[in-house]
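Residue-level structure breakdown
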Amino acid sequence: QVQLVESGGGLVQPGGSLRLSCAASGFTFSNYAMSWYRQAPGKEREVVARITAGSITDYADSAKGRFTISRDNAENTVYLQMNSLKPEDTAVYYCYARLLWSNYWGQGTQVTVPS
């Protein structure tokens, strides 16, 4: 079955960096776009970045210039490199894939940037 497993979250000081990973299995990873979402306490889940099967990327305005999404089709993994982190980046970060008519989410990984 489809599985998305995130890792790499943690506590980081403002201005620091983290790299999140999402290991995918159960489908032909290279054929599908992948996305990162995040959800802060008391807020709705929002898209952060997306990468197509052809590695075209798109970012939320809040992520542009600081975050980079990439994929390694040989490893079935999508990454989110986050630099210059701010307290407002604190959230649970989720990996997402839409396969045919179904949505799949990972379990999430917590990123905390204290103020």
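To be clear, the structure that these remarks concern was listed above.
Residues numbered from 1 in each chain as written. Predicted model: local features only at pLDDT ≥ 70, side-chain atom pairs only at ≥ 80, totals over all residues. Heavy atoms only, no water.

Another aspect to go through is the packing of aromatic side chains. Inspection of every chain in the model, using the stated rule, returns six aromatic pairs. Aromatic pair F27 and F29: ring centres 6.3 Å apart, planes at 50°, arrangement tilted. By relative accessible area, which is 15% here, F27 ends up buried. Relative to W105, the ring of Y96 lies with its centre 4.6 Å away and its plane at 45°, an arrangement referred to as tilted. Overall, W105 belongs to the partly exposed group, its relative accessible area being 36%. Joined through ring pairs, the aromatic side chains of Y37, Y94, Y96 and W105 make up one cluster. (Phe/Tyr/Trp six-rings, centres within 6.5 Å; stacked < 30°, edge-to-face > 60°. Buried < 20%, exposed > 50% of the residue type's maximum accessible area, 1.4 Å probe, protein only.)

With that settled, the discussion passes to the pattern of salt bridges. Applying the stated criterion across every chain, the model contains four salt bridges. Notably, a salt bridge pairs K64 with D61, separated by 3.2 Å at the nearest N-O pair. Note on K64: relative accessible area 48%, which makes it partly exposed. The residue D89 makes a salt bridge to R66 at a minimum N-O spacing of 2.7 Å. Residue D89 is located in the loop between β8 (77-82) and β9 (91-99), and its partner R66 is located in the loop between β6 (57-59) and β7 (67-72); the two are separated by 23 residues in the primary sequence. The residues D89 and R66 share a single accessibility class, namely buried. Here the salt bridges do not stand alone but share partners, grouping R38, E46, R66 and D89 into one network. (Salt bridge = Lys/Arg side-chain N within 4 Å of Asp/Glu carboxyl O. Helix = DSSP H or I, 4+ residues; strand = E, 2+ residues; numbered from the N terminus.)

Counting buried positions over the six residues of β8 gives five, a clear majority of the element. Where strand β3 (residues 18-25) meets β8, six bridges bridge the pair, whose relative direction is antiparallel. Paired with L18 across the two strands is M82, which belongs to β8. Relative to β8, β7 is paired through six bridges, and the arrangement is antiparallel. (Pairing = 2+ DSSP bridges.)

Counting 30 residues, the largest nonpolar core has F27, M34, W36, V78, L80, M82 and Y93 as the members making the most contacts within it. Those elements giving two or more residues to this core turn out to be β3, β4 (34-39), β5 (46-51), β7, β8 and β9. Considering each element in turn, this core owes the most residues, five residues, to β9. In contact with F27, not counting residues within four places along its chain, are V2, L4, Y32, M34, A97 and L99. (Core = buried A, V, L, I, M, F, W, Y, C linked by side-chain atoms within 4.5 Å. Contact = heavy atoms within 4.5 Å.)

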